[in-house]
Amino acid sequence: MINLNDFRTHGHQLIDWVADYFENIQTYPVQSQVAPGDILQQLPAAAPAHGEDFDRIFEDFQKIIMPGITHWQHPGWHGYFTANNSYPSVLAELLTAALGAQCMSWSTSPAATELEQRVMEWLRDMTGLPRHFSGVIQDSASTATLVSLLTARETKTNYAINAGGFQSQPSFTLYCSEQAHSSIERAVKIAGFGRESLRKIAVDENFALLPTALDEAIISDLSAGHVPLAVIAAIGTTGSTAVDPLKEIGTICQKHNLWLHVDAAWAGSAMVLPELRYMIDGVEMTDSYVFNPHKWMFTNFDASAYFVADKAALIRTFEILPEYLKTKEGDTVNNYRDWGIQLGRRFRALKLWFVIRSYGVDALRQTIGNHIRWATDFGRWVDEDAQWELLAPAPLATACFRYNPHRSDDEAALNKLNQRLLESVNRSGMIFISHTTLGTKYTLRMVVGQTHTQQHHVALAWEVIKTTARKLEH
Ligand SMILES: Cc1ncc(COP(=O)(O)O)c(C=O)c1O
């Protein structure tokens, strides 16, 4: 067991180790190189009966665990979307762990509640969201979307499903684009609508939802006796960061009295840049909106910013008040346990507060703006090279592309070639990229958004990708 003195000693050692890790992160292969089962077979089948020395545990962490880590904080991280952290965020997380506060009610830690309220107001204003929005931190965009659909379900049925279940309810329908994130379909399933009630609406040549197709689908469902309930629009799809036309979608939702939720999981952080806010034109017509500071705002996982236009509807959907949760403040204060699914809640506002104060809004703008500029450079390099193709517009910091050295139209062969290229690039350990399919095209994705990524890392990534591609041909 560790006593307080050991804690102090090892705590200092660990902070030094973490600082060294950040300093030397480029010496690690970005993607873990282990095979399935490699880690498991080094872990004893049973828990130790007697306590072990911290030194031994930490030695095993370095020997067993570290080789199985994929380094998301590596400057060569260009896969999926980033989940970036930063020094202030990591330090705040240490304090959160030490305080161990469970922030379900105002009274269980007034500072946690009031800081969350203030930090969410900051985020709302920093990203140009409407002043009537109220914010709450959720663990993930997936949860926020589920919370939104549950609230939609209840407001549209006058809270009847909460009371009596789905019996004798009409057949609801919901809408998102073909490019929407899988968390939408999952939320539709979990919220009890059934995945067949989700209509995946066609997209235009830029992979953004087609409003005319949405309107037609709603009208067709109405005439078939369904009850259209909600639309989920994406600002920055996972595949290609496409931006659905919010204003037109909002107008359609108003016309048919539909709930509108916006999934801006990745792109939302970029709204700190006022010149990009055309992307959320129409946001004042939405019922709820989520973005993830844990993706692109230097705040380590998890911290998802969820905003609602009508907080009373949110609370009414989730509130439940057993005797042991009654407090004398009642509803004169925010009790965030009633703003979502979890009862127990971590003190996540602290790391956001540390990050926003340490950077300041100007530096957040500058850093995110740099990511977008460097990704745009990357997109231009791809576009200007006859052997490569840019497969989608890159309005944010993600480029979608493929290798097509001989301008072939054999899609199956190109898909195989690019899949081999992806595997080979990632095996190098120098950088990490991921893929999607756009239409039928296997598509490589290059994301720029890691905290430690600089312009020269993006140039290096392009060199690694090109060199690896050339080698594949021999
Ligand atoms: C557009 C979009 N929505 C939702 C999600 C899910 O985010 P989370 O992991 O916070 O649930 C992602 C993840 O990348 C995403 O890209």
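1. Some thoughts on the sheet that holds strand S9 (residues 388-390)
Pairing between sheet strands relies on hydrogen bonds along the backbone, with the strands arranged either parallel or antiparallel.
Phase 1 of the analysis: What the five strands build is an open sheet, ordered S1-S11-S12-S10-S9; its pairing is mixed. In this open sheet, the two edge strands, each paired with only one partner strand, are strand S1 (77-78) and S9.
Phase 2 of the analysis: Where S9 meets strand S10 (residues 398-403), three bridges bridge the pair, whose relative direction is antiparallel. Within the sheet, the bridge partner assigned to glutamate 389 lies in S10 and is arginine 402.
Phase 3 of the analysis: The sheet contacts of helix H13 (residues 411-427) involve S10, strand S11 (432-438) and strand S12 (441-447), and relative to S12 the element is tilted by about 30°.

2. Quick look at helix H3 (residues 87-99)
Residue pairs three or four apart in sequence face the same way in an α-helix, which turns once every 3.6 residues.
Phase 1 of the analysis: Between its first and last C-alpha, H3 extends 19 Å over 13 residues, near the 18 Å set by a 1.5 Å rise per residue.
Phase 2 of the analysis: Among the residues of H3, Ser89, Ala92 and Glu93 are the ones counted as buried. Along the axis of H3, the buried positions cluster into a sector of 110°, meaning they face one direction only. Residues of H3 that are exposed and angled more than 90 degrees away from the buried face: Leu95 and Ala98.
Phase 3 of the analysis: Where the residues of H3 are buried, they touch helix H12 (349-384).
Phase 4 of the analysis: Downstream of H3 by one or two residues, glycine 100 has phi in the positive range, about 55°.

3. Considering the nonpolar core
Phase 1 of the analysis: Grouped together as the largest cluster of nonpolar side chains are 120 residues, with contacts concentrated most on Ala230, Val231, Ala233, Ile235, Ile249 and Val290.
Phase 2 of the analysis: Here the element with the most residues in this core is H12; it accounts for 12 residues.
Phase 3 of the analysis: Each of domain 1 (1-31 + 70-84 + 361-474) and domain 2 (101-346) gives at least three residues to this core.
Phase 4 of the analysis: Residues contacting alanine 230, with those up to four places away along its chain left out, are Leu149, Ala152, Leu174, Leu258, Trp259 and His261.

4. Let's talk about the site of the ligand
Phase 1 of the analysis: Lining the immediate surroundings of the ligand are 14 residues, of which Ser140, Ala141, Ser142, His181 and Ala265 lie closest.
Phase 2 of the analysis: Its residues assigned to classes, the shell around the ligand shows five nonpolar, eight polar and one charged.

Conventions adopted
Residues numbered from 1 in each chain as written. Predicted model: local features only at pLDDT ≥ 70, side-chain atom pairs only at ≥ 80, totals over all residues. Pairing = 2+ DSSP bridges. Helix = DSSP H or I, 4+ residues; strand = E, 2+ residues; numbered from the N terminus. Contact = placed C-beta atoms within 7 Å. Axes fitted to C-alpha atoms, helices over the stretch in contact; angles between N-to-C directions. Expected span 1.5 Å × (residues − 1). Buried ≥ 20, exposed ≤ 12 C-beta atoms within 10 Å, placed from the backbone. Arc of directions from axis to C-beta. Core = buried A, V, L, I, M, F, W, Y, C linked by C-beta atoms within 7 Å. Domains from an automatic or database assignment. Near = placed C-beta within 6 Å. Nonpolar A, V, L, I, M, F, W, Y, C, P; charged D, E, K, R; others polar.

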